Amino acid sequence: MVDICKLFCDNHGLKISVDRDPKKSKTKCVQFNSVNTSPANIVLNNIPVPWSDSYKHLGHIISADEDMFHDQKAKCGEFNSKVHSLRQEIGEQYP
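Calculation rules
- Residues numbered from 1 in each chain as written.
- Predicted model: local features only at pLDDT ≥ 70, side-chain atom pairs only at ≥ 80, totals over all residues.
- Heavy atoms only, no water.
- Helix = DSSP H or I, 4+ residues; strand = E, 2+ residues; numbered from the N terminus.
- Contact = heavy atoms within 4.5 Å.
- Core = buried A, V, L, I, M, F, W, Y, C linked by side-chain atoms within 4.5 Å.
- Buried < 20%, exposed > 50% of the residue type's maximum accessible area, 1.4 Å probe, protein only.
- Pairing = 2+ DSSP bridges.
- Salt bridge = Lys/Arg side-chain N within 4 Å of Asp/Glu carboxyl O.

J.: Explain the side chain of Ser-63 to me, and be specific about the residues and the numbers.
T.: Within the secondary structure, Ser-63 is located in strand E6 (residues 60-63). Beyond its immediate stretch of four places on either side in the chain, Ser-63 contacts Val-30, Phe-32, Asp-53, Ser-54 and His-70.

Below is the structure:
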């Protein structure tokens, strides 16, 4: 299936970003709800695609444990940060 996807991308001028350094690779694999602790390697362009416990997609954190708590925690942190930033800008202004 990966080879079919790669062939489609090649035929349509699309590039899949895979790097030997897992931190630089934009393409990652996430294994959901599995008892198998060592998943098989998936290879693209002769480079193994790195496995991850979570992945950020369109601003949301998708976790291998399928729990939305990780995403909610991040969003609450962003909200609190923006509120504190706004309070610093406004200061002691009369309502």
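From this point, the narrative continues.
J.: Lay out the nonpolar core with the relevant residues and their values.
T.: Residues Val-18, Cys-29, Leu-44, Ile-47 and Val-49 constitute the largest nonpolar core, which totals 5 residues. Excluding anything up to four places from it in sequence, Val-49 contacts Thr-27, Lys-28, Cys-29, Ile-42 and Leu-44.

J.: Residue-level account of the pairing of strand E5 (residues 54-57), with values.
T.: Residues in a regular strand project their side chains so that they alternate between the two faces of the sheet. As paired strands, E5 and E6 are joined by 4 bridges and run antiparallel to one another. Pairing of Ser-54 across the sheet is with Ser-63, part of E6. Hairpin connection from E5 to E6: 2 residues lie between these consecutive antiparallel strands, with Leu-58 at a positive phi of about 50°.

J.: Summarise the pattern of salt bridges; cite the residues concerned and give the values.
T.: Enumeration according to the criterion identifies 1 salt bridge in this entry. In this structure, the salt-bridge partner of Lys-6 is Asp-10, at a minimum N-O distance of 2.7 Å. Placement of the pair is Lys-6 and Asp-10 together in helix H1 (residues 2-11), with a separation of 4 residues, close to one helical turn.

J.: Account for the environment of Ile-61, naming residues and giving values.
T.: Along the chain, Ile-61 falls in strand E6. For Ile-61, a relative accessible area of 22% translates into the label partly exposed. In this structure the C-alpha to C-alpha distance between Ile-61 and Ser-25, which are 36 residues apart in sequence, comes to 17 Å. The contact partners of Ile-61, leaving out residues within four places of it in the chain, are Ser-54, Tyr-55, Lys-56, His-70, Asp-71 and Ala-74.

In short, shape yes, function no, at least from these values alone.
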